[in-house]
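Single-letter residue listing:
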Amino acid sequence: MSTVSTPSSADGQLRPPVPTAPVTLRINGETHTLDLAPWTSLLDALREYAGLTGTKKGCDHGQCGACTVLVDGKRINSCLTLAVLQEGADITTIEGLGSEHQLHPLQQAFIDHDAFQCGYCTPGQICSAQGLINEGKAHSEDEIRELMSGNICRCGAYVGILAAVKEVVDAKTASKQ
Amino acid sequence: MKPFTLTRAESVEAAVRDFTGYQEAAFIGGGTNILDLMKENVAEPTHLIGLNKLPLNKIEATADGGLRLGATATNADTAWNPEVQQRYPLLSQAILAGASPQLRNMATNGGNLMQRTRCYYFYDTATPCNKREPGSGCAAIGGYNRIHAILGASDKCIATHPSDMCVALAALEAVVHVRSKDGERQIKFEDFHRLPGDEPQRDNTLEPGELIVALELPKQGFAKNFSYLKLRDRQSYAFALVSVAVGLELEGSTIKTARLALGGVAHKPWRDQDAEALLEGQPATEETFKKAADKVLKGAKGQGINDFKIELAKRAIVRALKQAAAGEHKAADIFTNSNP
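Here is what the cut-offs are and how they apply
The residue numbers shown here count from 1 along each chain, following its written sequence. As they are written, the chains are lettered A onward and the ligands numbered 1 onward, keeping that order. With pLDDT at 70 or above as the cut-off, local features in this predicted model cover only qualifying residues; side-chain atom pairs require 80 or more to be listed or tallied, and sums for whole chains, interfaces and linings still use all residues. With hydrogens and water stripped out, all remaining heavy atoms of the structure feed into the side-chain values. Contacts were defined at the residue level, with two residues in contact if any of their heavy atoms lie within 4.5 Å. What counts as buried area is the accessible surface, traced by a 1.4 Å probe, that two parts surrender upon association, with contributions from both included. Criterion for a salt bridge: a side-chain nitrogen of Lys or Arg within 4 Å of a carboxyl oxygen of Asp or Glu. Pairs of N or O atoms within 3.5 Å make up the polar contacts considered here, provided that, within protein, one atom can donate a hydrogen while the other can accept it, and that residues adjacent in sequence are counted only when both atoms are side-chain atoms. Strands here are runs of E lasting at least two residues and helices are runs of H or I lasting at least four, both read from the DSSP assignment and numbered beginning at the N terminus. When a residue's accessible area, from a 1.4 Å probe over protein chains only, is under 20% of the maximum for its type it is buried; when over 50% it is exposed; and in between it is partly exposed. Note that a disulfide, as used here, is simply two cysteine sulfur atoms within 2.5 Å. We treat two strands as partners when DSSP finds at least two bridges between them. Throughout, an axis means a line fitted to C-alpha atoms (over the contacting stretch in the case of helices), and angles, computed between N-to-C directions, take values from 0 to 180 degrees. Note on definitions: the grid is 1 Å and covers protein atoms alone; a cavity is a set of points where a 1.4 Å probe fits but cannot get out; a pocket is an open set with protein on both sides within 12 Å along at least five of seven lines; lining residues have an atom within 4 Å of a point. Grid points are joined across faces, edges and corners, and a volume is the space filled by probe spheres set on the points. Gly counts as polar in this scheme, as do all residues outside two lists: the nonpolar Ala, Val, Leu, Ile, Met, Phe, Trp, Tyr, Cys and Pro, and the charged Asp, Glu, Lys and Arg. pLDDT runs from 0 to 100 and stands for how confident the predictor is about each residue.

1. Description of the interface of chain B and chain A
Link 1 in the chain: Counting residues at the interface gives 31 residues for chain B, matched by 29 residues for chain A.
Link 2 in the chain: The contact between chain B and chain A buries some 2,700 Å² in all, and 60% of this surface belongs to carbon and sulfur atoms.
Link 3 in the chain: A:K74 is the salt-bridge partner of B:D77, the closest N and O atoms lying 3.2 Å from each other.
Link 4 in the chain: Where chain B packs against chain A, one counts 16 residue pairs in polar contact (both at pLDDT 80 or more).
Link 5 in the chain: Contributing elements (two or more residues each) for the side of chain B that touches chain A: β1 (5-8), α2 (34-39), β3 (47-50) and α6 (101-106) of chain B.

2. A word on helix α1 (residues 42-49) of chain A
Link 1 in the chain: The set of residues buried in α1(A) consists of A:L42, A:L43, A:A45 and A:L46.
Link 2 in the chain: A:G51, located one to two residues past α1(A), shows a positive phi value of around 70°.

3. Here we look at the state of the cysteines
Link 1 in the chain: Overall, the coordinates contain 0 disulfides over all chains when judged by the stated rule.
Link 2 in the chain: For B:C166, which is in no disulfide, the shortest distance to another cysteine sulfur is to B:C157 and amounts to 17 Å.

4. Observations concerning the sheet that holds strand β4 (residues 59-61) of chain B
Residue and element names in this part refer to chain B.
Link 1 in the chain: Within the open sheet, the 5 strands sit side by side as β4-β5-β8-β6-β7. Their pairing is antiparallel. In the strand order of this sheet, the two ends are held by β4 and β7 (183-188), each with one partner. The average undirected angle you get between the axes of adjacent strands in this sheet is 25°.
Link 2 in the chain: Bridge analysis of strand β6 (residues 175-180) against β7 gives 6 bridges, and the strand direction is antiparallel. When the bridges of β7 are listed, S180 appears paired with G183.

5. Digging into empty space enclosed by the protein
Regions of empty space are outlined by a rolling probe, equal in size to a water molecule, passed over the atoms.
Residues and elements named next belong to chain B.
Link 1 in the chain: Throughout the structure, instances matching the rule amount to 3 cavities of 30 Å³ or more.
Link 2 in the chain: There is about 80 Å³ of room inside the largest cavity.
Link 3 in the chain: Contributing to the lining of the largest cavity are 16 residues, with C119, C129, C138, C157 and A159 lying nearest its centre.
Link 4 in the chain: Looking at the lining of the largest cavity, its residues break down into 11 nonpolar, 3 polar and 2 charged.

6. Some words on the confidence of the model for chain A
Note that predicted coordinates carrying low pLDDT should not be read in detail.
Link 1 in the chain: Counting all residues, the mean pLDDT for chain A is 93, and 91% of those residues have values of 70 or more.
Link 2 in the chain: When pLDDT is averaged over each helix and strand of chain A, the minimum, 50, is found for strand β1 (residues 3-5) of chain A and the maximum, 99, for strand β4 (residues 68-71) of chain A.

7. What to know about the pairing of β1(B)
Residues and elements named next belong to chain B.
Link 1 in the chain: Side chains of β1 alternate between two faces, with L6 and R8 buried and T5 and T7 left unburied.
Link 2 in the chain: For β1 and β3, the ladder comprises 4 bridges, and the chain directions are parallel. Across the sheet, the residue bridging to T7 is I49, located in β3.

Dropping the structure here:
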C-alpha cells in the first residue's frame, strides 16, 4: 500500500482513492511493474494495465476459458487469480506465443483447419492447447476433447479446434520419436 | 468485489498468526472458488492471506505406508502424481473428473475441501439463502432444485457439496491435518464436512483461523478394485448429479472390505458404513449390490425436481460396484469412464 492513485474514468467522475502498490510481473519474457490494487485479477492486469489485450475476458468466472494464459508453463484461468499472487511467476499470453510475422504452429493450424468463427475464444483455446501439449497427457481425439473441455466456443468450431490441436499434438509426438 | 487488503504468508506460523489480526480474514490458495464468490459479493473478506508461497506443496510417503498430500499441492499435480496414480487411482480419477485442466492447475488440495456449494440461490444475492445469510430462508426448497440434496438435508438447507475429490477422500478414509495458532490437530474425513442442520452457514468443523496443512491417505488404496462413476448433464466439465466412489478388497468372489461414498447427493460426501458392512462377507453379485444401494437410499427424500436422483443414485451404486468388482478400471487409465 505504498501509493494512492485515482483512476481515470470515462464519465469524468472522481472516484474514491484506491490503494495501489507496485507489482512486478514477468510477462512474455519482459518485466512489467504495474501499480495495482490487491483485487486486480491477473486478467485485468494484463488487459487494462500491461496493454496486452490478446487475452480475452469472457465470463470472468472461470467457466469459459477465454482468459487462459500460461503461468510457469501451466495453463490457468487468469480471471480467477490475483495479479499480486503471480509476482515472481513466468506468464505467457497469446502475444508471447507467436507474432504476425511468425505464427505459432497452433495459430497456423487454427487457420488451416478453420478452427474459429468470431475468434473471441481463440487466444484462450491456443494457450490452453499449448498447456495441453506441455502436459503431454492427451494423444487421442477423446483425450484431447476431454482435456480441452475448459474452453468453450460459442460459435461451435469444435470440429476444427480438435483437428488443429490434434495436428500439432501429432507433429510433436512424431518429432520425439 | 469489496475492497480488501492482502498479505502473502511466508510460513504456516505467519499465516495463522496473520489471521487473528483481522475482523474478516480468509486464506486464499488457488483462489478458484473464493475469488468467484467475492466477485458475486457472496464472500466479503476484508483481508486475504495468500498461501501460494508456503512449503506445503509436497506429496510424500508416510512412515506407516500411506501418502501425505500437501495442502497447497494443486489438484493437477496430485492427480498426475505417479504414486497417487498407481496406489490411489480412485483419487486420481475423481480429481480428473472434476473442473477443467485450467482450474485443476490452480486449485489446491486444501481448497478443494473448502469449496462451497454451487447452489444457484447461494450464489444469487437477490434470493434468500440460509447458508449465505442465516435466517433469511431457503429459495431452493420449493424452487428449482435439480442439483440439490436427497440425503441428510434439513428444512433450512438442501445444498450439496460439489467436490469429486472429496468423495474419493471419504472412501479412502483420509485424515485432514490442520494448524492454528494453538497447534496442530487431525480430523477424520467423515468428521470434516457437516450436515446443514440448523447451521447451514457452517460447511465443516474447522474453527476460525484453522488452516489445512495436509491430507493423509492410509496405506490401503484399493488400486485393484475401484471405481469413480460420475453422472452429469454433459460429458465433461460439469458438477455431478450423482457420483459414486467405490473401493473393494476381494477374496475370490467374496467382498472382504468395502468402501462406498456418494457425491452430489448431500451437504457432505456421503459415506455409508452400514451399506459397507452389508457388502462385506457377501458374494460380489448384482443381488448384493442392489441390497447395498437400497440401504444407502433408504432415507432419501426428493425435493420434487430432483426426485429422479434417488433412482439414479441406486443404479449408479450398482454399476460402480460392478465396475470395481470386475476390476474394469486400471491404475494406468488416465481418464474415468466417460461414457457411463
